[in-house]
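Residue-level structure breakdown
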Amino acid sequence: MGIEDYGGGQSGQSDVLVVTTNDVPGFEVKQVIGEVFGLTVRSRHIGSQIGAGLKSLVGGELKGLTKTLVETRNQAMERLVEQARARGANAVLMFRFDVTEAADVGTEVCAYGTAAVIAPRA
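Within every chain, residues take consecutive numbers counted from 1 along the sequence as written. Thresholds applied to this predicted model are a pLDDT of at least 70 for local features of residues and 80 or more for the giving and counting of side-chain atom pairs; totals over whole chains, interfaces and linings are not thresholded and use all residues. Hydrogens and water are ignored here; the side-chain numbers use all heavy atoms of the structure.

Some points on the overall build of the chain
Runs of H or I in DSSP of at least four residues are treated as helices and runs of E of at least two as strands, each being numbered from the N terminus. A tally of helices and strands in the chain yields two helices and four strands. Along the chain, helices (α) and strands (β) appear in the sequence β-β-α-α-β-β when read from the amino end. Buried positions account for 30% of the 122 residues belonging to the chain. In what follows, a contact means two residues having at least one pair of non-hydrogen atoms within 4.5 Å. In the chain, the proportion of contacts linking residues at least 24 apart, taken out of those at least 6 apart, comes to 77%. Note on classification: 1.4 Å probe, protein chains only; a residue is buried when its accessible area is under 20% of the maximum for its type, exposed when over 50%, partly exposed between these limits.

Here it is in structure tokens:
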């Protein structure tokens, strides 16, 4: 597995800028639209659970689970961007992830932030 299997985040092609900061240098917030989120819940298949259990006996990274979590986070982020775009935003400020176990059947990942319209400062 290469580094692309373990990375995430936004591609340079997106029309909706997603940042973890409250503002964007050189831009001003013209309108705050409100909270947006992208949510996904993924279950682990029995093979990965058995493999993870065996790996936990000897220690080390659980690469299959790491890759699954990266894919899950990326899907949640894509849904966040879709929701922001649908509401007329061109930016999501204060972007965060929240990850929780969902009733012992999977992992819930929520990407959330504040949708806004930003414009370059004059």
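Overview of the pattern of salt bridges
Any two side chains of opposite charge can pair, so long as their charged atoms come close to each other. In the sections that follow, a salt bridge refers to a side-chain nitrogen of Lys or Arg positioned within 4 Å of a carboxyl oxygen of Asp or Glu. All chains considered together, the criterion is met by two salt bridges. In this structure, Arg85 and Asp15 form a salt bridge, with 2.7 Å as the shortest nitrogen-oxygen distance. Here Arg85 is found in helix α2 (residues 63-86), whereas its partner Asp15 is found in the segment before β1 (17-18), with 70 residues between them in sequence. Its relative accessible area of 39% is what places Arg85 among the partly exposed residues. For Glu28, the salt bridge identified is with Lys30, shortest N-O distance 3.6 Å. Under the relative-accessibility criterion, Glu28 is labelled partly exposed at 30%.

Digging into the confidence of the model for the chain
Here pLDDT means the predictor's own confidence in every residue, given as a number from 0 to 100. For the chain, per-residue confidence averages 84 on the pLDDT scale, and 77% of positions sit at 70 or higher. When pLDDT is averaged over each element of the chain, β1 comes out on top at 96 and helix α1 (residues 46-58) at the bottom at 55.

Describing the nonpolar core
We call a set of buried Ala, Val, Leu, Ile, Met, Phe, Trp, Tyr and Cys residues a nonpolar core when their side-chain atoms join them within 4.5 Å. Grouped together as the largest cluster of nonpolar side chains are 15 residues, with contacts concentrated most on Val18, Val36, Leu80, Ala84, Val92, Phe95 and Ala115. Counting residues per element, the ones that place at least two in this core are β2 (27-43), α2, β3 (91-102) and β4 (106-120). Element by element, the count of residues in this core is highest for α2, at five residues. Each residue touching Phe95, except ones within four places of it in the same chain, is listed here: Val18, Val19, Thr20, Met77, Leu80, Ala111, Tyr112 and Gly113. Ranked by size, the runner-up nonpolar core spans six residues in total, among them Val19, Ala91, Leu93 and Ile118.

Section: a nonpolar patch on the surface
Patches here are clusters of residues that have more than 30% relative accessible area and form no salt bridge, with a 9 Å joining cutoff for like charges and a 5 Å cutoff for nonpolar side chains (Val, Leu, Ile, Met, Phe, Trp, Tyr). Throughout, the Shrake-Rupley method with a 1.4 Å probe supplies accessible areas, and for residues the shown protein chains are the sole cover considered. Taken together, the side chains of Phe37, Leu39 and Tyr112 present a nonpolar region at the surface, about 250 Å² in accessible area. Following the sequence through the fold, Leu39 ends up in strand β2.

Re the packing of aromatic side chains
Aromatic contacts are taken between Phe, Tyr and Trp rings whose centres are within 6.5 Å, Trp giving its six-membered ring; a plane angle under 30 degrees counts as stacked, one over 60 as edge-to-face, and the others as tilted. This model, assessed by the stated rule, comprises one aromatic pair. Taken together, a centroid distance of 5.0 Å and an interplanar angle of 75° make the contact between Phe95 and Phe97 edge-to-face. Only Lys NZ and Arg CZ are tested; either one counts as a charge over a ring when it is within 6 Å of the ring centre and within 35 degrees of the ring normal. In this structure, Arg73 packs its charged tip against the face of Phe97, placed 3.8 Å from the ring centre.

So, the environment of Val32
As for its position among the elements, Val32 is in strand β2. Val32 sits in the exposed class, given a relative accessible area of 56%. Through-space distance from the C-alpha of Val32 to that of Leu93 is 9.5 Å; in sequence the pair is 61 residues apart. With sequence-adjacent residues up to four places away left out, Val32 is seen in contact with Thr114, Ala115 and Ala116.

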